[in-house]
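Each chain, letter by letter, is given below.
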Amino acid sequence: MSSSPPLPLKIGIIGFGPFAQFLTKTMLKQGHSIAATSRTDYSHLSSELGVTFFRDVEKFCEVGHDVILICTSILSLSEVGRSIPFNHFQKPTLFVDVLSVKEYPKDLLLHILPETCDLLCTHPMFGPESGKDGWKYLPLVYEKVRIRDENICTKFLAIFENEGCRMVEMSCTEHDMFAARSQFLTHTIGRILSEMKIESTPMDTKGFQTLLQLRDNTVKDSFDLYCGLYKHNKFAKQELDNLELAFQRLKQKLLERTDQI
Ligand code: NAP
């Protein structure tokens, strides 16, 4: 006897910016239904995509979503979160955030969500650029913070599993520790290269082309995103200091060595 395909999820998105639009295309492809609300009016773009867009947040909340996906910027999470009219939700809902920092949304959402709502904190470690040719082997980091309805949570995570993502379960704190040393560092180096206004030359090496690519990828993300990585990851300041110290040490070594010649 063949098992019937899993029922599609009704997913509501809060914050319909570039990353939400990118995720939406795959979720729609998998047959889920998407509604969205955002500070900006995305009605036109939404109707082209096949998404129901709500300018009125209260009406958006009344749809009866299985999952609410929070895709707003890190810097606006507090303001956006506190403006959600939770009393308009029709049933206990799974809240999922995709912010690029993790301890901050976990603490804030645990504080403001109604006790009846579940919480899954996620960070897809890819974006419109790195995931444009598919999500295979790209990491999805997540922590099941408060899950009572395992069925809905499993179905949501399956969106990423079905695309071949590498599923990485870890605590939000561990995520932030690793991310400060990897993602925040990557963005910082990319933005330093952008400040230096590096440009292609007639004799680029492969290494230099890699730097140009890094610069281009980094500056495609909003500056708000970069600020959020710094402001709301308690490990980021230390990494910025480490970078500065490493630069000073290297410069010192270089000067000492060349002075001896
Ligand atoms: P972003 O600049 O981090 O966030 C843009 C979103 O935030 C838009 O929906 C925007 O709404 C909303 N927003 C910004 N300020 C607001 C305010 N004051 N009030 C209400 N809404 C506000 O760009 P993003 O790339 O789309 O990222 C969205 C989220 O996904 C972020 O939390 C980011 O950390 C996470 N993420 C991004 C990537 C990536 O590769 N880009 C990867 C993984 C996770 P409007 O569009 O309506 O103005």
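Residues numbered from 1 in each chain as written. Predicted model: local features only at pLDDT ≥ 70, side-chain atom pairs only at ≥ 80, totals over all residues. Heavy atoms only, no water.

A short note on the layout of surface pockets
For the largest pocket, the calculated volume is near 1500 Å³. Surrounding the largest pocket, 47 residues form its lining, Pro18, Phe19, Cys71, Ser222 and Leu225 being those nearest its centre. At the level of secondary structure, the elements contributing two or more residues to the lining of the largest pocket comprise helix 1 (18–29), helix 4 (77–82), strand 6 (118–124), helix 8 (183–195), helix 9 (206–220) and helix 10 (223–231). Ranked by residues supplied to the lining of the largest pocket, first place goes to helix 9 with four residues. Counted by class, the lining of the largest pocket contains 20 nonpolar, 20 polar and seven charged residues. Forming the walls of the second largest pocket are Ile189, Ile192, Leu193, Met196, Leu243, Glu244 and Phe247. Looking at the lining of the second largest pocket, the elements that each hand over two or more residues are helix 8 and helix 11 (236–259). Broken down by class, the residue content of the lining of the second largest pocket amounts to six nonpolar, no polar and one charged. (1 Å grid on protein atoms, 1.4 Å probe; cavity = no way out; pocket = protein on both sides within 12 Å on 5 of 7 lines; lining within 4 Å. Points joined across faces, edges and corners; volume = space filled by probe spheres on them. Helix = DSSP H or I, 4+ residues; strand = E, 2+ residues; numbered from the N terminus. Nonpolar A, V, L, I, M, F, W, Y, C, P; charged D, E, K, R; others polar.)

Things to note about the nonpolar core
Of all hydrophobic cores here, the largest spans 33 residues; its most connected members are Ile13, Leu23, Leu69 and Phe156. Considering each element in turn, this core owes the most residues, six residues, to helix 6 (residues 150–162). Once you skip the residues sitting within four places of it in the chain, Leu69 turns out to touch Ile11, Gly12, Ile13, Ile14, Leu23, Met27, Val96, Val98 and Phe156. Core analysis: the next-biggest nonpolar cluster, separate from the first, contains 28 residues, Ile14, Phe54, Ile84 and Leu119 among them. (Core = buried A, V, L, I, M, F, W, Y, C linked by side-chain atoms within 4.5 Å. Buried < 20%, exposed > 50% of the residue type's maximum accessible area, 1.4 Å probe, protein only. Contact = heavy atoms within 4.5 Å.)

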